[in-house]
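Each chain, written out:
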Amino acid sequence: MSDQILVSRAGGVRRITLNRPEKLNAMTGEMAQAARSAFEEAAGDSETRVVLLTGAGRAFCAGQDLAESAIRPGRDLGAWLERSYNPLVRAIRGIEKPVLARVNGVAAGAGANLAFACDIVVASESAQFVESFSRIGLLPDSGGTWMLPRLIGNARAVAVSMLGSPITARQAHEWGAIWRVVDGDELDGVCDELARTLAAAPPKALAAIKSATARAWEQNLDAQLDLERELQRALGATADYREGIEAFSEKRAPVFRGE
Ligand code: LHQ
């Protein structure tokens, strides 16, 4: 594993840290591929019940490392996306476990859209999200043109993408793009508590919530009702559902095992 990504696990929480603090965690190809591998490993590890994505130092991620030779003008940026960011975004969206973004500072370019790809985003008051692509003659990638209109509405999505103007954490929260904004000194406590809560939640239910809410963007209510019926049928047959019902009637906290 590259040292540009740090991975640790405590209990059911796997922490993936983007680790080039001196460059505000600007992404290299090596880093994007290592991050994708870290998500794939998390997906395959039955002990991991939640993934927390964050950045080392004062930034979350400044997007693509603009000094990297592979993205010099004239190179095939489409091929670059297919090798680096597209598989990473697919890994974040596709993992059947909750992904929590701990946005500790600026998230720019692909870095902003990686945060928005996560299931639950908590940002420090000092963080900002910058769709900086148009400043260098590009369009938002890493799912930005798909996620932004859904998260903040078309008018805002187009404006922030065209203008490249920073969205403060507070604004992102008011617009419904992120779950919480907290004081910097509360960030760790809030994220740790959320991660613990998610790690104790019934994994199959969380996976179903993730996949069903994603599918909802693509289909009509009728099809969604059918999907809910099938997912609920499967969840109703799990040991965790039995445990949830028993714990409720016994007035105790449930212990969910993902079975
Ligand atoms: C950086 C970077 C950076 C290298 C800060 N690269 N060094 C996909 C397909 C193919 C091609 C292109 O990209 C993509 C996806 C993308 O992500 S495109 C968008 C790329 N990202 C950006 O355009 C953001 C560039 N960075 C910034 O605008 C600022 O640095 C932000 C607003 C993030 C933070 O500003 P400040 O807090 O004022 O910090 P700073 O600018 O002083 O940066 C600190 C250091 O980090 C500095 O290095 P130095 O050696 O001078 O101290 C920067 O050069 C370096 N850095 N971002 N993306």
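Description of the structure in this document. (Residues numbered from 1 in each chain as written. Predicted model: local features only at pLDDT ≥ 70, side-chain atom pairs only at ≥ 80, totals over all residues. Heavy atoms only, no water.)

Some points on the site of the ligand
In the neighbourhood of the ligand, 24 residues make up the surrounding shell, with R58, Q64, L66, A110 and D141 lying closest. A110 has a polar backbone atom sitting 2.9 Å from an oxygen atom of the ligand. For the ligand, the accessible surface in isolation is 1,000 Å², of which the surrounding protein chains cover 67%. Those elements that place two or more of their residues in the shell around the ligand are α2 (77-83) and β6 (106-108). (Near = heavy atom within 4 Å. Polar contact = N/O pair within 3.5 Å; in protein donor to acceptor, adjacent residues only side chain to side chain. Areas by Shrake-Rupley, 256 points an atom, 1.4 Å probe, with all protein chains shown as cover. Helix = DSSP H or I, 4+ residues; strand = E, 2+ residues; numbered from the N terminus.)

Concerning the side chain of D65
Mapped onto the elements of the fold, D65 is located in the loop between β4 (59-61) and α2. Engagement of the side chain of D65 in a polar contact is seen with the side chain of R20, the distance being 2.8 Å. Among all residues touching D65, those that are not within four sequence positions of it are R20, A26, M27, T28 and I71. (Contact = heavy atoms within 4.5 Å.)

Considerations on the sheet that holds β6
Strands pair in a sheet through their backbones, by hydrogen bonds, and they do so in one of two ways: parallel or antiparallel. Ordered by their spatial adjacency, four strands build an open sheet running β4-β6-β8-β9, and the pairing between neighbours is mixed. Every interior strand has two partners, whereas the edge strands, β4 and β9 (167-168), have only one. Bridge count for strand β8 (residues 128-130) against β9 is two bridges, and the pairing is antiparallel. Following the sheet pairing, F129 is matched in β9 by I167. Along the sheet face, helix α4 (residues 110-117) touches β4, β6 and β8 and points at about 105° away from the line of β6. (Pairing = 2+ DSSP bridges. Axes fitted to C-alpha atoms, helices over the stretch in contact; angles between N-to-C directions.)

Section: the nonpolar core
Counting residues in hydrophobic clusters, the biggest one holds 51 residues, and the most contacted among them are M27, F39, I92, V103 and F129. With seven residues, the single largest contributor to this core is helix α1 (residues 29-44). Judged by nonpolar contacts, the second largest core, of 15 residues, contains V13, L52, L194 and A201. (Core = buried A, V, L, I, M, F, W, Y, C linked by side-chain atoms within 4.5 Å. Buried < 20%, exposed > 50% of the residue type's maximum accessible area, 1.4 Å probe, protein only.)

Here's the deal with the packing of aromatic side chains
Under the definition given, this model contains one aromatic pair. Here F116 and F129 contribute two aromatic rings whose centre-to-centre distance is 4.9 Å and whose plane-to-plane angle is 25°, an arrangement assigned as stacked. Within this pair, whereas F116 is found in helix α4, its partner F129 is found in strand β8, the two being separated by 13 residues in sequence. Note on F116: relative accessible area 5%, which makes it buried. Here F129 falls in the buried class, since its relative accessible area comes to 0%. One cation-aromatic arrangement involves R150 over W146; the distance from NZ or CZ to the ring centre is 3.9 Å. (Phe/Tyr/Trp six-rings, centres within 6.5 Å; stacked < 30°, edge-to-face > 60°. Lys NZ or Arg CZ within 6 Å of the ring centre and 35° of its normal.)

Here's the deal with unusual backbone geometry
For N25, which is not a glycine, the phi torsion comes out positive at approximately 60°. Along the chain, N25 falls in the loop between β2 (13-18) and α1. Given the relative accessible area of 0%, N25 is considered buried. One non-glycine residue, S142, lies in the positive phi region at around 55°. With respect to the secondary-structure elements, S142 resides in the loop between β8 and α5 (144-152).

A look at the sheet that holds strand β5 (residues 99-103)
Taken in spatial order, the six strands make up an open sheet running β1-β2-β3-β5-β7-β10, and their pairing is mixed. The open sheet is flanked by β1 (5-10) and β10 (180-182), the only strands paired with a single partner. Adjacent strand axes in the sheet meet at a mean angle of 20°, parallel and antiparallel pairs treated alike. Of the strand pairs in this sheet, β1 and β2 are connected by six bridges, and their pairing is antiparallel. Bridge pairing in β2 places R9 opposite R14. In this fold helix α8 (residues 187-200) packs onto β2, β3 (50-55), β5, β7 (120-124) and β10, with an angle of close to 165° to the strand it touches most, β7.

Worth remembering: the numbers are spatial, not functional.
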